Amino acid sequence: EVLDFDRRVRELLEGEAVEYFVELKFDGVAISLHYEDLLFNLAVTRGDGFSGDNVTQNLRTIKNLPLKAKEVSYNGKVLKNFEVRGEVYMFADDFRRINQERISKGEKTYANPRNLTSGTLKLLDPRQVAERPLRIVCYYLDTDDVPLRSQSENIDLLNKMGFPVSKYSGLCRNIDEVFEYIKKWEDKKKELPFQIDGIVIKVNSLHQQERLGAVARSPRWAIAYKYEAEKAETVLKGITLQVGRTGIVTPVAELEPVFLAGSTISRATLHNADYIEGLDLRIGDTVLIEKGGEVIPKVTGVVLEKRPPEATKFVFPEHCDCGLKGRLVRPIGEVAYYCEHPECPWQ
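1. Quick notes on helix 3 (residues 92–104)
The first and last C-alpha atoms of helix 3 sit 19 Å apart over 13 residues, in line with the 18 Å expected at 1.5 Å per residue. All of the buried residues along helix 3 are Ala92, Asp94, Phe95, Ile98 and Asn99. The buried side chains of helix 3 occupy one side of the element, clustering within an arc of 165° when seen end-on. Across helix 3 from its buried face, at more than 90 degrees, point the exposed residues Asp93, Gln100 and Ser104. Packed against the buried residues of helix 3 are helix 4 (113–121) and strand 7 (135–142). Looking one or two residues beyond helix 3, the residue adopting positive phi is Gly106, at roughly 75°.

2. Brief notes about the sheet that holds strand 8 (residues 170–172)
Taken in spatial order, the four strands of this open sheet run 8-1-9-12, and their pairing is antiparallel. What marks the edges here is a single partner per strand, and that holds for strand 8 and strand 12 (222–225). Ignoring strand direction, the axes of neighbouring strands in this sheet form an average angle of 30°. As defined by bridge partners, strand 1 (residues 20–26) adjoins strand 9 (residues 196–203) across six bridges and the pair is classed as antiparallel. Paired with Phe21 across the bridge in strand 9 is Lys202. Against the sheet, helix 6 (residues 151–160) touches strand 1, strand 8 and strand 9, its axis set at about 55° to strand 1. Contacts from helix 7 (residues 175–188) reach strand 1, strand 8, strand 9 and strand 12 within the one sheet, and its direction differs from that of strand 1 by about 20°.

3. Section: the pattern of salt bridges
The final tally for this structure, using the stated rule, is 27 salt bridges. Lys183 is paired through a salt bridge with Asp187; the nearest N and O atoms lie 2.7 Å apart. Of this pair, Lys183 and Asp187 both sit in helix 7, four residues apart, which is roughly one turn of the helix. What makes Lys183 partly exposed here is its relative accessible area of 44%. Overall, the relative accessible area of 49% leaves Asp187 in the partly exposed class. Between Lys231 and Glu290 there is a salt bridge; the shortest N-O distance is 3.3 Å. Taken together, the residues span a long stretch of sequence, with Lys231 in strand 13 (residues 231–243) and Glu290 in strand 17 (residues 286–292) at a distance of 59 residues. Judged by relative accessible area, which is 14%, Glu290 ranks as buried.

4. Brief notes about the packing of aromatic side chains
One pass over the structure, following the stated rule, counts 15 aromatic pairs. For the ring pair Phe5 and Tyr20, a centre distance of 5.8 Å and an interplane angle of 45° mean the geometry is tilted. Taken together, the residues Phe5 in helix 1 (residues 2–12) and Tyr20 in strand 1 connect sequence positions 15 residues apart. Residue Tyr20 is classed as buried on the basis of its relative accessible area, which comes to 1%. Ring geometry for Phe26 against Tyr89: centres 5.0 Å apart, planes inclined by 65°, an arrangement best described as edge-to-face. Of this pair, Phe26 sits in strand 1 while Tyr89 sits in strand 6 (residues 82–89), and the two are 63 residues apart along the sequence. By relative accessible area, which is 8% here, Phe26 ends up buried. A residue is classified by how much of its surface remains accessible, and Tyr89, at 9% relative accessible area, is buried.

Parameters at a glance
- Residues numbered from 1 in each chain as written.
- Predicted model: local features only at pLDDT ≥ 70, side-chain atom pairs only at ≥ 80, totals over all residues.
- Heavy atoms only, no water.
- Helix = DSSP H or I, 4+ residues; strand = E, 2+ residues; numbered from the N terminus.
- Expected span 1.5 Å × (residues − 1).
- Buried < 20%, exposed > 50% of the residue type's maximum accessible area, 1.4 Å probe, protein only.
- Arc of directions from axis to C-beta.
- Contact = heavy atoms within 4.5 Å.
- Pairing = 2+ DSSP bridges.
- Axes fitted to C-alpha atoms, helices over the stretch in contact; angles between N-to-C directions.
- Salt bridge = Lys/Arg side-chain N within 4 Å of Asp/Glu carboxyl O.
- Phe/Tyr/Trp six-rings, centres within 6.5 Å; stacked < 30°, edge-to-face > 60°.

Take it as geometry only, folks, not as evidence of what the structure does.
See the structure below:
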């Protein structure tokens, strides 16, 4: 796909020299920031692509976001009114610390740093937001004050204006250098203090970007490269059931603990009965697990050649394990089982 992207770009630009600016794709929440007279005055989430949430007061609590940008001249003119886009995210260690605190209080843990970041930005009380260790990285600049030339220059400008930018970005003279960058971070992404979900590749020249244009809501001048999820093998020791607040019953794989992508995994979701059937999953099987989005563990396959003779099929029980023995039912046309008991404590 990346090679096709490069070919299309060069064909549309009729053989012009093309440079690419490459960036780590931070796994966070996209934000648009607006500045007037160098002062921060509006922050909006991406939402549905047309309208998002006004989260201005919450963004004011992020310590590395400048509320007043530094004066910087470009082509003899000071940039005063502009839009900056960035990604709000959280360090993996901060996320783990918050979950450890919740475990010690007997509270439910958060699924992943991105969900926690997104939920934090929706809080109504900025004082609560200020208690969470949110960060922002900026990667886009737009202004009517002066014509801008390139993505690499824009990153330099943002840096001089006091905005946090990624120190991991780089300029590539051709697609071979892009692949060198991709390979480098495939090997090194585990060393990063935050989650990434790939690489973003952009045509560096803004004039070329403008000429390439967009198809629907996708720009022709950029592409995201996603890394394949890491996998590990382990043994399925059993299947337990979790009941959600709506009564939906989710089967959970109880696994022989295995280390994967920075943490030890001992449990993983199995979604529903059809998912178990589709994998032909049996208790005692050696299974493949991976982390969806590098965060949430899931069972993705069975190593059939390692299946022991005593491996047993899982059959959904007729009653909930909650103690009230509510009946488990699966409505016609649905994939989920439900606990029928209205007083089920797990709900």
